[in-house]
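One-letter residues, chain by chain:
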Amino acid sequence: GEGLRGKRVLELGAGTGALGIAVAARWENIEVVITDLEDVLPLLNTNLELNRASVSGAAQICVMEHRWGDEVSALGRTPDVLLACETLYWGGWDLLQDDTREALLKSFLSLSNANTKILVGFTIRDAKRELGFIRSCFEYFHCRLSQMMKRGLDEVDNGDEVLLVLTRIDGHLETRASGN
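Since we're looking at a predicted model, the values are computed, not measured.

Chemist: Can you help me understand the environment of S107 in this one?
Modeler: Turning to its location among the elements, S107 is positioned in helix 3 (residues 101-110). The exposure class of S107 is buried, given its relative accessible area of 0%. Sequence-wise, S107 and R67 are 40 residues apart; in three dimensions their C-alpha atoms are separated by 8.7 Å. Apart from the residues lying within four places of it in its own chain, the contact partners of S107 are L12, H66, R67, W68 and G69.

Okay, here's the thing in structure tokens:
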């Protein structure tokens, strides 16, 4: 099917780049931008080069640095689809490390408009923390939880798999620095 054909897809916190590379391999005529922190970029670039032959001929894919919450104009035009997979996980092993939820939400807001679909996939590891993030999204986004979550928000357990689909609520459209 058409799926993401002709769309611009941006992945936040790509890690190994597997998701973004798979998207570029699946659909032709697609632009995929995979992002992560500067120290992860060598791994992303290596994995992209190792898998370049699997990327559809008409697909464009690139690796870019993005720290959540920072300026987004360098990332180009607003994506049609914004992906975030396992970006809510925080091991808590470094208590001095910043909590990333607010910065991630800021990037969601800066990188989206009313036409952008945001897909956030994750496994519940800390229900209170992750449900807090979902609830903070209610102010800015229409939120739909996937079928993977069989119970209501107040009944989730660690280990539950969640696919959260977000679209901007009219009236919460922030202006991007690039003018989109």
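Chemist: Even after reading the chapter, I still don't get the confidence of the model for the protein chain, so can you show me in this structure?
Modeler: Predicted coordinates in regions of low pLDDT should not be interpreted in detail. For the protein chain, the average pLDDT comes to 86, and 86% of its residues sit at 70 or higher. For residues 175-180, every residue scores under 50 in pLDDT, and the model assigns this stretch 15 contacts once sequence neighbours within four places are set aside.

Chemist: Looking at this structure, how should I read unusual backbone geometry?
Modeler: Phi is mostly negative for residues that are not glycine, and the peptide bonds are mostly trans. Even without being a glycine, N29 presents a positive backbone phi close to 55 degrees. With respect to the helices and strands, the residue N29 is situated in the loop between helix 1 (18-26) and strand 2 (31-36). Given the relative accessible area of 42%, N29 is considered partly exposed.

Chemist: Please clarify how the nonpolar core should be interpreted in this entry.
Modeler: As a rule of thumb, nonpolar side chains are buried together in soluble globular proteins. Counting 28 residues, the largest nonpolar core has L12, F108, V120, F141 and L166 as the members making the most contacts within it. No other element matches helix 4 (residues 127-137), which puts five residues into this core. Setting aside chain neighbours within four positions, we find V120 in contact with A84, T87, F108, V162, L163, L164 and L166. With 20 residues, the next largest nonpolar core counts A14, V23, L48 and L83 among its residues.

Chemist: For this particular structure, what's the right way to read a negative patch on the surface?
Modeler: A contiguous patch of negative charge on the surface is contributed by E38, D39, E65, D70 and E71. Structurally, E38 can be placed in the loop between strand 2 and helix 2 (41-50).

Chemist: Mind showing me how you'd approach the sheet that holds strand 2 here?
Modeler: An order of 3-2-1-4-5-7-6 is seen for the seven strands of this open sheet, with the pairing classed as mixed. In this open sheet, the two strands that pair with only one neighbour each are strand 3 (60-65) and strand 6 (141-145). The average angle at which neighbouring strand axes cross in this sheet is 20 degrees, direction not considered. As judged from the five bridges shared by strand 6 and strand 7 (residues 161-168), these two strands associate in the antiparallel manner. Across the sheet, residue F141 finds its bridge partner in strand 7, namely R168. On the sheet, helix 1 packs against strand 1 (8-12), strand 2, strand 3 and strand 4 (81-85) and is oriented at approximately 175 degrees with respect to strand 2.

How each quantity is defined
Residues numbered from 1 in each chain as written. Predicted model: local features only at pLDDT ≥ 70, side-chain atom pairs only at ≥ 80, totals over all residues. Heavy atoms only, no water. Helix = DSSP H or I, 4+ residues; strand = E, 2+ residues; numbered from the N terminus. Buried < 20%, exposed > 50% of the residue type's maximum accessible area, 1.4 Å probe, protein only. Contact = heavy atoms within 4.5 Å. pLDDT = per-residue confidence, 0-100. Core = buried A, V, L, I, M, F, W, Y, C linked by side-chain atoms within 4.5 Å. Patch = residues over 30% accessible without salt bridge, like charges linked within 9 Å, V, L, I, M, F, W, Y side chains within 5 Å. Areas by Shrake-Rupley, 256 points an atom, 1.4 Å probe, with all protein chains shown as cover. Salt bridge = Lys/Arg side-chain N within 4 Å of Asp/Glu carboxyl O. Lys, Arg positive; Asp, Glu negative; His and termini not counted. Charge placed at Lys NZ, Arg CZ, Asp CG, Glu CD. Pairing = 2+ DSSP bridges. Axes fitted to C-alpha atoms, helices over the stretch in contact; angles between N-to-C directions.

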